[in-house]
Amino acid sequence: MAGIDLTQLASLGLFSYLILALLVAIEGPIATLLGAAAASLGYMNPALVFFAAAAGNLTADTLWYYLGYIGKLDWVNRFGQRLGVSLEKLVRLEDMLREHAPRVLFVSKLTVSPMIPALISTGLIRYPWQRWFPAVFAGEMIWTGSLVTIGYLGVQAIKKGELGLEHAILAGTVIFIGLIIYFGRQFLKKAEKVPDSTIKEAGDGHD
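Because the structure is a prediction, the values reported are computed rather than measured.

So, how was this worked out
Residues numbered from 1 in each chain as written. Predicted model: local features only at pLDDT ≥ 70, side-chain atom pairs only at ≥ 80, totals over all residues. Heavy atoms only, no water. Buried < 20%, exposed > 50% of the residue type's maximum accessible area, 1.4 Å probe, protein only. Phe/Tyr/Trp six-rings, centres within 6.5 Å; stacked < 30°, edge-to-face > 60°. Helix = DSSP H or I, 4+ residues; strand = E, 2+ residues; numbered from the N terminus. Lys NZ or Arg CZ within 6 Å of the ring centre and 35° of its normal. Salt bridge = Lys/Arg side-chain N within 4 Å of Asp/Glu carboxyl O. Polar contact = N/O pair within 3.5 Å; in protein donor to acceptor, adjacent residues only side chain to side chain. Contact = heavy atoms within 4.5 Å.

## Side note on unusual backbone geometry
Although it is not a glycine, Arg126 sits at a positive phi angle of roughly 60°. Assessed through its relative accessible area of 43%, Arg126 is described here as partly exposed.

## With respect to the packing of aromatic side chains
Think of a pair of aromatic rings as described by two things: how far the centres are apart, and how the planes are tilted against each other in angle. Summed over the entire model, instances satisfying the criterion amount to nine aromatic pairs. Measuring from centroid to centroid gives 5.3 Å for Phe50 and Phe51, while their planes differ by 70°, and the two rings are edge-to-face. Note on Phe50: relative accessible area 18%, which makes it buried. For Phe51, a relative accessible area of 51% puts it in the exposed group. Ring centres 5.9 Å apart and planes at 40° place the aromatic pair Tyr65 and Tyr69 in the tilted group. Taken together, the positions of Tyr65 and Tyr69, both in helix α4 (residues 46–70) and four residues apart, correspond to about one turn of that helix. A network of ring pairs unites the aromatic residues Tyr65, Tyr66, Tyr69, Trp129, Trp132, Phe133 and Phe137 as a single cluster. Across from the ring centre of Tyr69, 4.7 Å away, lies the NZ or CZ of Arg126, which sits over that ring.

## Description of the environment of Gly71
Of note, Gly71 is situated in the loop between α4 and α5 (73–79). Residue classification places Gly71 among the buried positions, given a relative accessible area of 18%. Here the alpha-carbon distance between Gly71 and Ile120, two residues 49 residues apart in the chain, equals 8.7 Å.

## What to know about the environment of Val91
Among the secondary structure elements, Val91 is positioned in helix α6 (residues 87–110). Residue Val91 is classed as buried on the basis of its relative accessible area, which comes to 3%.

## Observations regarding the pattern of salt bridges
What the rule picks out here adds up to two salt bridges. Among the ionic pairs, Asp61 bridges to Lys109, the shortest N-O distance being 2.6 Å. Of the two residues, Asp61 is situated in helix α4 and Lys109 in helix α6; the sequence distance between them amounts to 48 residues. Measuring nitrogen to oxygen at the nearest pair gives 2.8 Å for the salt bridge that ties Glu140 to Lys109. Here Glu140, found in helix α8 (residues 129–160), pairs with Lys109, found in helix α6; they are 31 residues apart in sequence, far enough to count as distant. By relative accessible area, Glu140 is classed as buried at 0%. The structure contains a network of salt bridges with shared partners spanning Asp61, Lys109 and Glu140.

## With respect to helix α7 (residues 115–124)
Counting buried positions along α7 yields nine of 10 residues, so the element is predominantly enclosed. Every buried residue of α7 is accounted for by Met115, Pro117, Ala118, Leu119, Ile120, Ser121, Thr122, Gly123 and Leu124.

## A closer look at the environment of Ser16
With respect to the element layout, Ser16 can be found in helix α2 (residues 15–27). It is 8.5 Å that separates the C-alpha atoms of Ser16 and Met44, two residues lying 28 residues apart in sequence.

## A short note on the side chain of Lys109
Given the relative accessible area of 7%, Lys109 is considered buried. At 2.8 Å, the side chain of Lys109 and the side chain of Glu140 are in polar contact. Filtering out sequence-adjacent residues up to four positions away, Lys109 remains in contact with Asn57, Asp61, Met115, Val136, Gly139, Glu140 and Trp143.

See the structure below:
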C-alpha cells in the first residue's frame, strides 16, 4: 500500500475505484484511509471512495461467511490458525451467534474485533444470510463513513494548518469511534463468557 502512486491510481478513472475496492477487501482500514486521503487531495471522488471501500469490505465479509457455510470444523482445525481462528474461539462465537448474530456482527464490525472468525462461525451454524447481512451492512456504513471522514478531513486539516471546522469534525469522529470501540468490546467480553464444559461438548458434537 505504501508504494501506491495516487496520481497513477486516479488516472485509471472508474477502474481506480474497482482497484480500491479490491485493496480494501485485502488491507481494510489502511486502504480506506489512503483512498480518503486521495479524495482530499483531489485525485478521487470522496463519495465513490466511500462506496468502493464499503463494497470491498462487504464482499470480503460475504466470502468469509460462505467459506464457513460450505466448510467443516475439521477444515477449520487444520487451516484456521493461519486466519486467527481456533476451535475454542469458534465454539464461543457459535454460542453467541445462535442467539444474537446480528447484534454480535454489528458490534464486531464497529469495534475492530476479529470479523473473520465471527463470519466463519455464522456460516458454520448456517445462520440465514438475509438475517445477518443487514446488521453488517449498517455497521459497514458507519465504520467506512467514519474512516473516510477521518482520512479526508485529516488531510484537509494538515493542508490548512490551522484550527477550524475540519479539526472539530475530525476530533468528534475520532472520539465517536473510540467510544464505540470501548463499549462494543465490553459488550463482546460479557457475551463471550461461555463455560469451558460447553466448549468441550460443542467441539465433540461437531462433524
